[in-house]
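Here is what each chain is made of, one letter per residue.
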Amino acid sequence: ELCFTLLVIAGAMPALGHLPNGFWMVVVVFGGIVGVLALLSGARLFRPVLGVVRCTPLLRRCAGEIESLQWHTSRLLRRPDVLIGATLDLGRVIAATAALLVLLRGLHVVSLGWWDVALVLAASFVGGALSMLPGGVGANEATVVGTLMLLGVHPGVAAAAAILQRLTLFAVPTLGGAAAYLTLRRRRTTTTGVRARAWSRQIGPARRVDSSALQTA
């Protein structure tokens, strides 16, 4: 998720001229994400942070989990297959930006270009992440509306775009994931049933031989 957010923010940089002090805001967020990645990937940089966590009354209970998070993250970042898989996040960014652009075109918003839409997308993800709400519900949509209004879009159109974006980015993957889960569950149930029947056929003759031997004895 950090890599994805990093790419989203990087894609929004060309459109920062539309926002006052937008460059410095993105620099702060961008630097924060890079800093978190550096802390999670480097044990030496993480030790002072872990020391602060262990001295903090509410966080000291989670010190073991936080240390385990850093250990596993550092191992994952060193695996070539994980790094190759992370490049798929760029495809996610492009697809999400294209989907929002198509939605805006469908709502007859022609004043915004690709980089403007990328800025809206970046603001929505950052706003949702900072809200600490599950899935950024509410905060994501409010950020989309606010950013679109800042770029000159009518409030009603901006609200419609925010709702449609939520449906596109979350409802469609949820339905696809649910369909995949049901398909895999059905296959697993079928495979388990076949194995159980095969096992019973193998055990059946052995049980009959044992019972015959007992009756003879």
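Anything mentioned here points back to the structure above.
Treat the numbers as computed from the prediction; the structure is a model and nothing was measured.

## Focus on helix H7 (residues 114-131)
Thought 1: Here H7 is 18 residues long and its end C-alpha atoms lie 26 Å apart, about the 26 Å a rise of 1.5 Å per residue gives.
Thought 2: If you check which residues of H7 are buried, you get Asp116, Val117, Ala118, Leu119, Val120, Leu121, Ala122, Ser124, Val126, Gly127 and Gly128.
Thought 3: At the C-terminal side of H7, methionine 132 shows a positive phi close to 65 degrees.

## Focus on the environment of alanine 160
Thought 1: Mapped onto the fold, alanine 160 is located in helix H9 (residues 155-216).
Thought 2: C-alpha separation for the pair alanine 160 and valine 145, spaced 15 residues apart in sequence, amounts to 8.7 Å.

## Regarding helix H8 (residues 139-150)
Thought 1: The terminal C-alpha atoms of H8, which comprises 12 residues, lie 16 Å apart, in line with the 16 Å expected from a rise of 1.5 Å per residue.
Thought 2: Every buried residue of H8 is listed here: Ala139, Asn140, Glu141, Val144, Val145, Thr147 and Leu148.
Thought 3: One or two residues past the end of H8 sits glycine 152, with phi positive at roughly 100 degrees.

## Topic: a nonpolar patch on the surface
Thought 1: Side chains of Leu7, Leu90, Ile94, Trp114 and Trp115 sit close together on the surface and give an oily, nonpolar patch of about 460 Å² of accessible area.
Thought 2: Among the elements of the structure, helix H6 (88-106) and H7 are those that each provide at least two residues to the nonpolar patch.
Thought 3: Secondary-structure assignment places isoleucine 94 in helix H6.
Thought 4: Classification of isoleucine 94 by relative accessible area gives partly exposed; the value is 45%.

Cut-offs and rules
Residues numbered from 1 in each chain as written. Predicted model: local features only at pLDDT ≥ 70, side-chain atom pairs only at ≥ 80, totals over all residues. Heavy atoms only, no water. Helix = DSSP H or I, 4+ residues; strand = E, 2+ residues; numbered from the N terminus. Expected span 1.5 Å × (residues − 1). Buried < 20%, exposed > 50% of the residue type's maximum accessible area, 1.4 Å probe, protein only. Patch = residues over 30% accessible without salt bridge, like charges linked within 9 Å, V, L, I, M, F, W, Y side chains within 5 Å. Areas by Shrake-Rupley, 256 points an atom, 1.4 Å probe, with all protein chains shown as cover. Salt bridge = Lys/Arg side-chain N within 4 Å of Asp/Glu carboxyl O.

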